[in-house]
Amino acid sequence: MATVSVLRRLTGFAALLALLVAALPTPAAALELRSIEQAAADYRNSNQQLQDMFRAALLDTSKLAEYASDGTAYVKTGDIPAEWLRDASAQSRPYLYFTKDDPDVRKVLQAIVARMAKYVQIDPYANAYTLDYRVWEQKYELDSLAYPTTLAWSYWKTTGDTSIFTPDFSKMLDGVLATMQREQDHPRNSRYTHKELANDGKGRPVGYTGMIWTGFRPSDDACYYNFLIPSEMFAVVALGDMAEIERAVYHNVVKAHEAKALRDEVQRGIQTYGLVLVPKYGYVYAYEVDGLGHAILTDDANIPSLLSAPYIGYTVPGDRYYDNTRRFLLSQDNPSFYQGQRARGIGSYHTPDHWVWPLALIVQGMTATTSAEKQDVLTQLLASDPGDHLLHESFNPNDPRQYTRQDFGWPNALFSEFVMTQFQGVAAIPMGDTGDLEFRSE
């Protein structure tokens, strides 16, 4: 009898254990993308270092991404266990080049967009989230709302596939538009505060400009003046994408009109308040303004940046305001431009002083108009390799063995895109169409 009693207790315990195990989240499934793996394996270059770095860079996103139990895909930023809307969009972008021929890659992109749509509905003021949909950081960054929109638009234009535009994605667009509209007049309409912002978390005073207030830069650092011109530029691109999606896919003329109206207001604000006359360079775009006459003339390596304006689809090389700005940014007059023995380029106030960021170097190469400049940038990027064949967040331009972020997916993804588009003849995938924008005339 004692033996039977023990067996019954053990059977009951086993049943309870089975229930507990069943309640646990299903382990995430690793990515297997054969076309990506094949492209990396097939890449050959007489420069062994370039070959090794390209292969590592192209495969990096597949190592940081995984399927979640709900069918969405989660893209970790690297050595921080969270997904940033900005980083994940940029990390996914090189895989757009493989969507036409590989249904598995299309499936991954669909799953990444689906997860982002859920994130924004949870909290449109958050910039980073965890695998289980918790908010990791609530730093309101305007570009974090623009990135998922432009990624979805680029996927659509690349594949012709509208299946990503679900009711859930429509709700995300509603949240993006409502938040942008609210933050057009932050002092009157917004309740957002953050402990890292000035004025008890409210930010410094601003005037009404038609642009969209943002609390943080793409570097995750607090803005000094809260109209961040590169993010305003990217918002213009994203709102144009949104208007086209609403009109052509959801057939919602009202929402399309709202998105375009906001886009035009932001564009007028950029051209009215975002240009500053500098005697040595002419009119250049400021990095941040407050609408009250104050401006910061600099740039930051994180994208969107002023340097990246053509890459994000806001303007094109050859535009006089961009060219003026580019000359200023890549000179010693720019306080965030640093030069060392191995590299020279733009850094960030987020990392050690005088350290260069590969992100800024890559953007310089992708916006260059001469093959000599592109090759020069590539040489500096290869020189930044500390021996692991990976690109890092920032590095000492005198000694690349000193760097930040052991594992940082974004620059590796962008590097693979740089090599494909600038050296392999692959056509660039646009982020939006801003051909109808009006720019200030001198």
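Residues numbered from 1 in each chain as written. Predicted model: local features only at pLDDT ≥ 70, side-chain atom pairs only at ≥ 80, totals over all residues. Heavy atoms only, no water.

Remarks on the sheet that holds strand β6 (residues 135–137)
Taking strand neighbours across the sheet as the criterion, the three strands line up as β4-β5-β6 in an open arrangement whose pairing is antiparallel. Both edges of this open sheet fall to β4 (83–84) and β6, since each of them pairs with a single strand only. One ladder, built from two bridges, connects strand β5 (residues 128–129) with β6; its direction is antiparallel. In the strand pairing of β6, Y129 is matched with V135. (Pairing = 2+ DSSP bridges. Helix = DSSP H or I, 4+ residues; strand = E, 2+ residues; numbered from the N terminus.)

Some words on the nonpolar core
Core analysis: the biggest nonpolar cluster contains 128 residues, and M180, M233, I270, Y285, I303, Y314 and F415 have the highest contact counts within it. For this core, the element with the highest residue contribution is helix α10 (residues 229–248), accounting for eleven residues. (Core = buried A, V, L, I, M, F, W, Y, C linked by side-chain atoms within 4.5 Å. Buried < 20%, exposed > 50% of the residue type's maximum accessible area, 1.4 Å probe, protein only.)

Brief notes about empty space enclosed by the protein
Inspection of the entire model under this criterion finds one cavity of 30 Å³ or more. Here the largest cavity defines a volume of roughly 60 Å³. Secondary structure elements with two or more residues in the lining of the largest cavity: α4 (85–92) and α6 (142–159). In terms of residue count, α6 provides more of the lining of the largest cavity than any other element does, four residues in total. In the lining of the largest cavity, the residues fall into four nonpolar, three polar and one charged. (1 Å grid on protein atoms, 1.4 Å probe; cavity = no way out; pocket = protein on both sides within 12 Å on 5 of 7 lines; lining within 4 Å. Points joined across faces, edges and corners; volume = space filled by probe spheres on them. Nonpolar A, V, L, I, M, F, W, Y, C, P; charged D, E, K, R; others polar.)

What about helix α13 (residues 358–367)?
Burial analysis of α13 places ten of its ten residues in the buried class, which makes it a mostly covered element. By the burial criterion, the buried members of α13 are P358, L359, A360, L361, I362, V363, Q364, G365, M366 and T367. Summarising the contacts, the buried residues of α13 are in contact with α12 (320–329), β13 (344–346), α14 (371–383), β14 (394–396) and α15 (409–423). (Contact = heavy atoms within 4.5 Å.)

Purely geometric numbers; function is a separate question.
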